[in-house]
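Coordinates in review
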Amino acid sequence: SIPLSFFSGIGFASKNGILIKGSNYLEALRNVDTVVFDKTGTLTKGVFDVTKINAIGISEEELLEYAAFAEANSNHPIAKSILSYYNKELDLNKIESYEEVAAHGIKIKYNNDLILAGNEKLMRSENIFYSPAKEVGTVVYIAVNKIYRGYIVISDQVKEDSANAISKLKSIGIKQVVMLTGDNDKVASSVANELGIDKVYANLLPNEKVDKLEEIYKGRTEKEKVIFVGDGINDAPVLARADVGIAMGGLGSDAAIEAADVVLMTDEPSKISKAIEIASKTNKIVW
Ligand code: ADP
Ligand code: MG
């Protein structure tokens with residue numbers, strides 16, 4: 001192979017679809033011992049299929065329509081999946097107000113009805129009497145005028161590349177692989193077990209992701225650097241706090257790409273070990 005002294009590590013990385021925003025990050029990459037991943041859109045595809053509809057006191061069709069109106073103005077992968085499953089025209093003029101509550105869900109007024117669509121946190125904060133779904137999946141609970149009307153289960157898939165990415169990291173000597181997610185425990189632990197992730201924290205709000213990262217930083221030396229890998233608007237604060245923030249450049253949000261130090265053009269988590277390897281080789285030849 002071509003010695004890396006011929007071109008900078010940054011140039012070589014970019015030929016591999018890894019955009020590094022400064023040579024100081026090569027230095028940090030050489031000293032990484034912990035890699036922290038977001039789940040949705042980072043280790044999973046972020047493309048959901050509706051796998052179950054459980055309507056209570058109304059028809060499945062009606063439940064789906066309420067959910068579709070609620071999600072009509074959201075860019076979240078959950079919203080896109082519900083809208084593509086619903087697959088009908090929506091008269092958005094009937095939406096009187098719209099509020100997206102980060103890591104909770106959606107609150108709208110539509111046709112004089114108050115519709116809530118989101119997770120258990122949203123149901124609890126709005127004092128809705130609901131019963132938790134038994135299925136493993138990301139669950140969108142729906143309440144209309146404060147009355148619980150059922151749930152829609154949607155399921156995401158792990159990226160083909162993710163298992164390989166985690167085992168690669170371990171084989172190059174990364175001590176700890178962690179996953180942080182706003183999604184529920186059941187989904188989080190099933191993904192973590194499948195991929196061989198050491199530690200997992202679920203049900204996190206965006207600011208709680210930053211708190212977890214701070215916890216990980218406690219008791220570390222300057223020589224033990226931490227990578228955070230994410231894709232969403234919500235991930236921007238954690239990307240900024242990490243020694244090396246790495247964003248998905250393909251389907252990732254603009255906010256994540258901007259906040260990151262490194263951007264992966266192909267959204268493949270296996271590029272993380274590649275970036276570390278390139279940084280280490282650059283070191284041997286240049287320094
Ligand atoms: P992650 O940390 O896995 O990338 P997010 O922080 O984007 O996930 O969202 C966390 C959780 O908040 C989701 O799993 C979902 O339960 C809920 N949520 C967020 N946005 C929406 C939405 N538009 N509709 C319904 N639920 C949502
Ligand atoms: Mg995400």
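Since we're looking at a predicted model, the values are computed, not measured.

Domain boundaries in the protein chain define domain 1 (4-45 + 158-286) and domain 2 (49-155). Spacing between the C-alpha centres of domain 1 and domain 2 amounts to 32 Å. Domain 1 puts 11 residues into the contact, and the matching count from domain 2 is eight residues. Of the residues forming the side of domain 1 that touches domain 2, the biggest block, three residues, is contributed by helix H7 (residues 185-195).

Attention now goes to the sheet that holds strand S7 (residues 138-144). One open sheet holds the six strands; their spatial order is S3-S8-S7-S6-S5-S4, and the pairing between them is antiparallel. The sheet is open, and its two edges are formed by strand S3 (49-55) and strand S4 (95-101), each paired on a single side. Put simply, the sheet's adjacent strands are angled 15 degrees from each other on average, direction ignored. Here seven bridges tie S7 to strand S8 (residues 147-155), and the two strands are oriented antiparallel to one another. By the bridge assignment, Ile142 is partnered in S8 with Gly150. Set on the sheet, helix H4 (residues 77-86) makes contact with S3, S7 and S8; between it and S3 the angle comes to about 75 degrees.

The local shell around ligand 1 holds 23 residues, among which Thr40, His76, Gly105, Asn119 and Gly182 are the closest. Mapped by element, the contributors of at least two residues to the shell around ligand 1 are H4, strand S5 (105-110), strand S6 (113-118) and S7. Per-class residue counts for the shell around ligand 1 are six nonpolar, 13 polar and four charged. Both domains that furnish three or more residues to the shell around ligand 1 are identified here as domain 1 (4-45 + 158-286) and domain 2 (49-155).

Once that is clear, we can look at the sheet that holds strand S13 (residues 262-264). If you walk across this open sheet you meet the seven strands as S1-S13-S12-S11-S2-S9-S10, and the pairing is mixed. Two strands close off the open sheet at either side, each with one partner strand: strand S1 (18-20) and strand S10 (199-201). Each strand axis lies, on average, 20 degrees off the axis of its neighbour in the sheet, ignoring direction. Both S1 and S13 contribute to a ladder of three bridges, which runs antiparallel. What sits directly across from Leu19, in S13, is Val263.

Among the residues of H4, those classed as buried are Pro77, Ile78, Ala79, Ser81 and Ile82. Packed against the buried residues of H4 are S3, helix H3 (60-71), S7 and S8. Immediately downstream of H4, the backbone of Asn87 shows phi near 50 degrees, a positive value.

About the criteria used
Residues numbered from 1 in each chain as written. Chains lettered and ligands numbered in written order. Predicted model: local features only at pLDDT ≥ 70, side-chain atom pairs only at ≥ 80, totals over all residues. Domains from an automatic or database assignment. Contact = placed C-beta atoms within 7 Å. Helix = DSSP H or I, 4+ residues; strand = E, 2+ residues; numbered from the N terminus. Pairing = 2+ DSSP bridges. Axes fitted to C-alpha atoms, helices over the stretch in contact; angles between N-to-C directions. Near = placed C-beta within 6 Å. Nonpolar A, V, L, I, M, F, W, Y, C, P; charged D, E, K, R; others polar. Buried ≥ 20, exposed ≤ 12 C-beta atoms within 10 Å, placed from the backbone.

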